[in-house]
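Working through the structure, step by step
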Amino acid sequence: MKIYRLVSLLTLLMFLFLSACGSPTSAKLTSKELNLYAWSDYIPQQLLDDFTAKYGIKVNYDTYSSNEEMLAKLQAGASGYDVTIPSDYTVDIMIKQGMLQPLDMSQIPNFANVDKRFINQYYDPGNKYTVPYQWGTTALVYDKTKVPFEPKSWSDLWDPRFKGRLVVLDDEREVTGMALQTLGFDKNSTDPQQLDQAKQKLVALKPNILLFNSDDPETSLITGEAWAGLVYNGNASLAYQQDPNIVYICPTEGCGLWFDNLAIPKGAPHPDAAMAFLNFVLDAKESVLITKEFPYSNPNAAALDYLKTSDPTTYDAYMAFAGTNPSADFLAHAVGVKDVGDATKLYDQLWTDFKGQ
Ligand code: SPD
C-alpha cells in the first residue's frame, strides 16, 4: 500500500514538473485579457473558452475577411491586438515592414507538434515570427446534382449555364490569380497588361456571380442557391459534410495554395498572454477542435494522431476528402500567392474597379 502511494506521489510530482516545463502557467502570466484579430469562422469558441479556463485570460475576438483588410487596419495604426493570423505572403509583407514581434520559442514547446513539412517556410525562415495555424487550397467547388456537365477547368465557370449561380471568395489575390491562371499567365504576375486582361476576364464573369463571400461561402452551396464557385478548402469541406454531392477539384490551369500563421503584432499590449495562446493553440487536443469545426488542412501532426485514435470516423473523413487531404496531383498544380511589392497597388485598383462595375 505504501509503495502504491509513493508511486502515485512520484507520478503526481513528475506531472507537475513536466507541466511547469512544458507550458506557461497562469501564475507566470500577468495579463487578464487577450485581443485576437483573426479571420471570421476560424477559431472554435470552445478553444477560446478552454484558454480562459486554463489561464484566467478573457479573449476578445475581432474578425476580418481578408489579408488585405487586416493589413490595412494594422498599417493604419490599430495597435491593441495581441495575436493575428496572416497568410504566407502577408507574413512576408509584415516582416519586411517590421510589423511583427519575434517569438520566444522557449515559451512555445508545442511547436514540436507541428509537422516538419510546414515549418521554416520561405516567408518566415526559422519561424522567428510565426507558427503554423491551418493550411489549404483555393479551388473549384461544384454541386454535381446541379451542374449539367463535369467542370474540369476554371474557364468552365464562364459557361452561361452558370448565370447567377457562382459563389466567389472576396479575395483579391486568389480571384485575380484564378483569372491570370485561366489566361495562362503567372498567378503572381506584375505585368500591367496581363493584369488588365485579367480584369476584363473577371468583368465577363460577373453575370455568373451570385455573391462574393469569404466568411461562409459554403452556406449558399448548401442551400442550393450557388451551384459552383471558387472557395477555400475548408468551405468545400463544410459544404461536403452537409451534402455529399459537393465536389472540390484543382482545375487544369492550376489552383491556389496557402498557409495561415499565428503571429504577434509589434507593440502587442499582452505579449505574455499572446505567447501562451500560440502554445495553447498548438496543443494536440485543442488543435483537434479546430479541425472538427473548421475543416481546413491541419499542419499539427500530433493533433492528427490524436484525432486518429480519439475519433477515427472524423479522421477517416478528413483523410478521404480532397479539401482536407489533397492528393499529390492536386498539390502539384497548386500555386501560392506571393508578395508582388509595388504591383500590389495594381491588384488593389483592379479589384476596386471590378467590384465597382
Ligand atoms: N474563414 C477563414 C478563412 C481563412 C482562409 N485563409 C486563406 C487565405 C488564402 N490567401
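None of these values were measured; they are calculated from a predicted model. (Residues numbered from 1 in each chain as written. Predicted model: local features only at pLDDT ≥ 70, side-chain atom pairs only at ≥ 80, totals over all residues. Heavy atoms only, no water.)

As for the domain arrangement of the protein
Note: interface size is frequently given as the accessible area lost on complex formation between the parts. By domain assignment, the protein separates into domain 1 (32-133 + 259-296) and domain 2 (136-257 + 319-356). On a C-alpha basis, the centroid separation for the pair domain 1 and domain 2 is 26 Å. On the domain 2 side, the residues contacting the 16 residues of domain 1 number 18 residues. Carbon and sulfur atoms supply 55% of the area that domain 1 and domain 2 bury against each other, a total of about 1,500 Å² over both sides. (Domains from an automatic or database assignment. Contact = heavy atoms within 4.5 Å. Buried area = accessible area lost by both parts, 1.4 Å probe.)

Re the state of the cysteines
Following the criterion strictly, the structure yields 1 disulfide and no others. Covalently, Cys250 is tied to Cys255 through a disulfide, its sulfur atoms 2.3 Å apart. Across the S-S bond linking Cys250 and Cys255, the dihedral sits near -100°, which makes this disulfide left-handed. Under the relative-accessibility criterion, Cys255 is labelled buried at 1%. (Disulfide = S-S within 2.5 Å. Buried < 20%, exposed > 50% of the residue type's maximum accessible area, 1.4 Å probe, protein only.)

Description of the packing of aromatic side chains
Within a pair of aromatic rings, the relevant descriptors are the distance that separates the centres and the angle that separates the planes. Evaluated as defined, the whole model comprises 23 aromatic pairs. Relative to Tyr42, the ring of Trp39 has its centre 6.5 Å away and its plane inclined at 70°; by these criteria the two rings are edge-to-face. Judged by relative accessible area, Trp39 falls into the buried class, the value being 7%. Given a relative accessible area of 2%, Tyr42 falls into the buried group. Ring geometry for Phe212 versus Trp351: centroids 6.0 Å apart, planes at 80°, classification edge-to-face. Here the residue Phe212 occupies a position in strand β6 (residues 209-212), and Trp351 occupies one in helix α14 (residues 344-356), the gap between them amounting to 139 residues. Taking the relative accessible area as the measure of exposure, Phe212 reaches 24% and is therefore partly exposed. A relative accessible area of 7% means that Trp351 is categorised as buried. Each residue in the set Tyr37, Trp39, Tyr42, Tyr64, Tyr81, Tyr133, Tyr232, Trp258 and Tyr296 is aromatic and connected to the rest through ring pairs, giving one cluster. Here the basic side chain of Arg173 rests over the ring of Tyr347, its NZ or CZ set 4.3 Å away from the ring centre. (Phe/Tyr/Trp six-rings, centres within 6.5 Å; stacked < 30°, edge-to-face > 60°. Helix = DSSP H or I, 4+ residues; strand = E, 2+ residues; numbered from the N terminus. Lys NZ or Arg CZ within 6 Å of the ring centre and 35° of its normal.)

Brief notes about the pattern of salt bridges
By the definition in use, this model includes 10 salt bridges. Ionic pairing is found between Glu150 and Lys152, a salt bridge with its closest N-O pair at 2.8 Å. Exposure remark for Lys152: the relative accessible area of 47% places this residue in the partly exposed category. Where Asp353 meets Lys199, a salt bridge forms, and the shortest distance between an N and an O atom there is 3.2 Å. With a gap of 154 residues between them, Asp353 in helix α14 and Lys199 in helix α6 (residues 192-205) connect regions that are remote in the sequence. A residue is classified by how much of its surface remains accessible, and Asp353, at 27% relative accessible area, is partly exposed. When salt bridges that share partners are traced, they join Asp92, Lys96 and Asp339 into one network. (Salt bridge = Lys/Arg side-chain N within 4 Å of Asp/Glu carboxyl O.)

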